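Chains, contacts and geometry: an overview
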Amino acid sequence: MSAISKQTALVFGRQAREAVRDPGPFFVLPMLPALLMTVVFTSLFDRIANVEGFTAASYDAFLIPGVVVLVALLGAGATSSSLAADVRSGYLERLRLLPIGLGSLLAGRALFEAARLLPGAIVVVAVGFAFGAEAPNGVAGVAVVVALVTLVGVAYSGIFYVVAVRTRDPQTPFTLQPLGLPLAFLSSALVPLAVMPAWGESLARLNPVTVVVDGAREAMVGDLMSRELWSALAVLIVWIAAGQFLAWRTLVSHVKGS
């Protein structure tokens, strides 16, 4: 194992131990909004399936592949708390004396950000089945959806790391949490674009979350290896690369300037 891999693994383990000591914000919080939407929306808005432009077999089957993606949006960035704490305490400055790559500090956290979303995504899908979700593609389709959720978590975490380094505030996940709401509601996660007002549809088409949700929905209830899925993967690769690079540059600038 290379030195960088070892450093990444150490950061991952450190973050995992912190999450075990305080599982609420790391494992429970991400799934709560999605679970609430699953229970409430499937009960209150099932008649949306009768609206012109709705093409899915049922609203339940339409909703679950989309709402599970929101696990990564509405409970994101918990690992940025420890990064902010490290910056505030001077821990990063002490690391300058050691041959440790700053990228490892982000990579280990980003990998754990993905891992911590797995339980929430699985629980939301399981509850979704109880409320009428469908999975014609079986376990493979569900696995693809869950994998997309973890990638969204990594992609979205970049902005949390940037803010954590700049503000040195461990409350970063809570202060940035509202950003996930417009990304969630102005996407195809909860309703089809065809039933949105014109301005909402226009914004939703520009929203990268829409592309990911469409890919997840196709993987679960449509064509497993669809064009939508490949588009979602392409968007996520660009999103992850841009977000994590910006976070790394911010971290490097902080260390050099301190």
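The coordinates are above.
A brief look at the structure comes next. (Residues numbered from 1 in each chain as written. Predicted model: local features only at pLDDT ≥ 70, side-chain atom pairs only at ≥ 80, totals over all residues. Heavy atoms only, no water.)

Here the largest pocket defines a volume of roughly 440 Å³. For the largest pocket, the lining is made up of 17 residues, of which Thr55, Ala56, Phe62, Arg217 and Glu218 are closest to its centre. Mapped onto the lining of the largest pocket, the elements with two or more residues apiece are helix H4 (59-67) and helix H13 (208-221). With four residues, H13 is the largest single contributor of residues to the lining of the largest pocket. Partitioned by chemical class, the residues of the lining of the largest pocket number eight nonpolar, four polar and five charged. (1 Å grid on protein atoms, 1.4 Å probe; cavity = no way out; pocket = protein on both sides within 12 Å on 5 of 7 lines; lining within 4 Å. Points joined across faces, edges and corners; volume = space filled by probe spheres on them. Helix = DSSP H or I, 4+ residues; strand = E, 2+ residues; numbered from the N terminus. Nonpolar A, V, L, I, M, F, W, Y, C, P; charged D, E, K, R; others polar.)

Let us look at the nonpolar core. By size, the foremost hydrophobic cluster in this structure holds 46 residues, and its most contacted members are Val67, Val68, Leu70, Leu73, Val124 and Leu190. Going through the elements one at a time, helix H3 (31-44), H4, helix H5 (70-73), helix H8 (102-130), helix H9 (138-167), H13 and helix H14 (227-257) are the ones with two or more residues in this core. Considering every element that reaches this core, the biggest residue donor is H9, with nine residues. Residues in contact with Val68, not counting those within four places in the same chain, are Ala121, Val124, Val125, Val145 and Val149. Among the nonpolar cores identified, the runner-up in size contains 19 residues, and Leu92, Leu105, Leu106 and Ala247 belong to it. (Core = buried A, V, L, I, M, F, W, Y, C linked by side-chain atoms within 4.5 Å. Buried < 20%, exposed > 50% of the residue type's maximum accessible area, 1.4 Å probe, protein only. Contact = heavy atoms within 4.5 Å.)

One pass over the structure, following the stated rule, counts seven aromatic pairs. Judged by centre distance (6.2 Å) and plane angle (75 degrees), the rings of Phe27 and Phe112 are edge-to-face. Of this pair, Phe27 sits in helix H2 (residues 23-28) while Phe112 sits in helix H8, and the two are 85 residues apart along the sequence. Overall, the relative accessible area of 22% leaves Phe27 in the partly exposed class. When the ring of Phe245 is compared with that of Trp248, the centres are 5.9 Å apart and the planes differ by 35 degrees; the resulting orientation is tilted. (Phe/Tyr/Trp six-rings, centres within 6.5 Å; stacked < 30°, edge-to-face > 60°.)

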